[in-house]
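# Architecture and fold: a report
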Amino acid sequence: MPVPSPAVLVLEDGTRYEGRAYGAEGRTLGELVFATGMTGYQETLTDPSYAGQIVIQTAPHIGNTGMNDEDMESRRIWVAGYVVRDPSRVVSNFRSIRSLDDELVSTDIVGISGIDTRAVTRHIRDLGAMRAGIFSGGDATLSQYEQLELVRAGDEMAGLNLSAQVSVTENTVTPAVGEKIGNLAVLDLGVKQSTIVNLANRGFEVHVLPQDSTLEQILAIEPVAAFYSNGPGDPSASEGQVQVLRGVLDAGLPFFGICFGNQLLGRALGLDTYKLPFGHRGINQPVVDKSTGRVEITAHNHGFAVKAPSNDEPFDSPNGYGRVEVSHVDLNDDVVEGLNALDIPAFSVQYHPEAAAGPHDANYLFDRFRELVLDQTKKDAE
Ligand SMILES: NC(=O)CC[C@H](N)C(=O)O
């Protein structure tokens, strides 16, 4: 077996971690974030929300179950780079059809192995998410100074709009399963396949629309409701989609948003979003649903969050959409994890009811959306 060539992970604060090349060789830059899930590396890697980010996997052994076609959350791997401790030398799973290593090479994803990923995670947890670079192959021979300069010249995640990189450019349609409720307009900011499946299973004919769709293009599919997906980038850099969302709300369409969609609903209602120190990424985050008092264990992947005037009391939407409440709260750090508009048919969550990977505790939210749409359709008919 050939010995992998040397590679280095360089952080913008000057910290360096030496390891071995993993996946494609060369150079990559991005925001360094850690994901704590012990399972689900394929879903993580193919979640478009990770575009522009170098992902550190705290689980020490990666690649054991290979890659398959069923667990792809989108058409490709999106992470800007991948940091692992010990890549599995053996791929063993009845569904596996290719190895992760081969997939990283064929999709040109530069990674690094042999890294104490828990140590890097503690560093990020103390100092916050930061820009980083992985250098291998010819780029491993650049001087330390040159590598650090490259990392420091990279994009900051704050202020970045990445939607166009990940979105479809033409409408795609997934038929409803069972009795059809109506057409659902899904704005593709980086939607995951499991979300589409969950929505289609609730009776929606799911129309996935490009991220730059206008209100007219959304209304042209004659939707019974609208949905904004998860996705990469800073929500404060998506003013165009926020304006379109105000049009959707003004048109009285029921609305559901997940993750980036939650942040854009917050902004449409007139709230601010802000960058978290190192974000939430993993599949074991405790969240309380304030309407039932039930705690659910949930999948997260967010670096930004919505700022609300109160987590406890309903407040007025600064943009005139009536009363709004924080519906869900993270029990680790009190971050807003859901919004519910009390006077218009709109709600959203910051975390991932589609899971993939992760527990299915929050799957009821898709049922809640279906009920909201059915109620609104009934009201409109009266
Ligand atoms: N998964 C997502 O939709 C992430 C939303 C946003 N890019 C964030 O990091 O907070």
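Going by an unreviewed UniProt entry, the chain carries the name Carbamoyl phosphate synthase small chain and comes from Gryllotalpicola protaetiae. Check the Subunit (unreviewed entry) section of the UniProt entry for the chain; it says "Composed of two chains; the small (or glutamine) chain promotes the hydrolysis of glutamine to ammonia, which is used by the large (or ammonia) chain to synthesize carbamoyl phosphate. Tetramer of heterodimers (alpha,beta)4."

### With respect to the overall build of the chain
Per the secondary structure count, the chain includes 10 helices and 20 strands. Looking at the chain as a whole, 50% of its 382 residues are labelled buried. Summarising the internal contacts of the chain: among those between residues at least 6 apart in sequence, 75% fall at separations of at least 24.

### Digging into the site of the ligand
Taken together, Ser 49, Asn 230, Gly 231, Pro 232, Gly 233, Cys 259, Phe 260, Asn 301, His 302, Gly 303 and Phe 304 are the residues near the ligand. Element by element, the count of residues in the shell around the ligand is highest for strand E16 (residues 294–307), at 4 residues. Tallied by class, the residues present in the shell around the ligand amount to 4 nonpolar, 7 polar and no charged.

### Some thoughts on the packing of helix H8 (residues 239–250) against helix H9 (residues 260–269)
Running from amino to carboxyl end, H8 crosses H9 at an angle of 75 degrees, the nearest separation of the two axes being 9 Å. In terms of axis orientation, H8 runs roughly perpendicular to H9. Facing Gln 241, Val 242, Leu 245, Arg 246 and Leu 249 of H8, the residues of H9 in contact are Leu 264, Leu 265, Arg 267 and Ala 268. A class-by-class count of the residues in the contact of H8 with H9 yields 6 nonpolar, 1 polar and 2 charged.

### Section: unusual backbone geometry
Comment: phi is negative for the bulk of residues other than glycine, and the bulk of peptide bonds are trans. Following Ala 356, the chain continues into Ala 357 via a peptide bond in cis, with omega recorded as 0 degrees. Looking at the secondary structure, you find Ala 357 in the loop between strand E20 (346–349) and helix H10 (364–381). Backbone geometry at Glu 222 places phi at a positive 55 degrees, although glycine is not the residue there. Along the polypeptide, Glu 222 turns up in the loop between helix H7 (215–219) and strand E13 (223–228).

### Points about the UniProt feature "domain: Carbamoyl-phosphate synthase small subunit N-terminal" (unreviewed entry) in the chain
In the numbering adopted here, UniProt assigns the feature "domain: Carbamoyl-phosphate synthase small subunit N-terminal" (unreviewed entry) to residues 5–135. Taken end to end, residues 5–135 comprises 18% helix and 34% strand; its first and last C-alpha atoms sit 11 Å apart.

### A word on the environment of Leu 264
On the secondary structure map, Leu 264 appears in helix H9. Here Leu 264 falls in the buried class, since 27 other C-beta atoms lie within 10 Å of it. Sequence-distant contacts of Leu 264, defined by excluding residues within four places in its chain, comprise Tyr 228, Pro 235, Ser 238, Gln 241, Val 242, Leu 245 and Gly 257.

### Looking at the sheet that holds strand E1 (residues 6–11)
Pairing is mixed in the closed barrel, where 7 strands are placed in the order E1-E2-E8-E6-E4-E3-E9. Mean inter-strand twist for the sheet, computed between neighbouring axes without regard to direction, equals 35 degrees. Set on the sheet, helix H4 (residues 144–152) makes contact with E1, strand E2 (16–23), strand E3 (27–35) and strand E9 (130–136); between it and E9 the angle comes to about 135 degrees.

The rules behind these values
Along each chain, residues carry numbers from 1 onward, in the same order as the chain's sequence is written. pLDDT decides what is reported in this predicted model: residues at 70 or higher carry local features, side-chain atom pairs at 80 or more are listed and counted, and totals for whole chains, interfaces and linings draw on all residues regardless. UniProt positions are given in the numbering used here, feature names are shortened, and annotations may be inferred rather than shown by experiment. Numbered from the N terminus, helices here are DSSP runs of H or I no shorter than four residues, and strands are runs of E no shorter than two. Every C-beta atom is placed from the backbone, and the number of other C-beta atoms within 10 Å of a residue's own sets its class: buried at 20 or more, exposed at 12 or fewer, partly exposed in between. Contact between two residues is assigned when their C-beta atoms, built from the backbone, lie within 7 Å. What makes a residue near a molecule or strand is its C-beta atom, placed from the backbone, lying within 6 Å of it. Residue polarity is assigned by list, with Asp, Glu, Lys and Arg as charged and Ala, Val, Leu, Ile, Met, Phe, Trp, Tyr, Cys and Pro as nonpolar; anything else, Gly included, falls into the polar class. Every axis in this analysis is a line fitted to C-alpha atoms, fitted for helices over the stretch in contact. Angles between the N-to-C directions lie between 0 and 180 degrees. In these notes the angle categories are as follows: under 35 degrees is roughly parallel, over 145 is roughly antiparallel, 65 to 115 is roughly perpendicular, and the rest is oblique. Note: two strands are recorded as paired if DSSP finds a minimum of 2 bridges between them.

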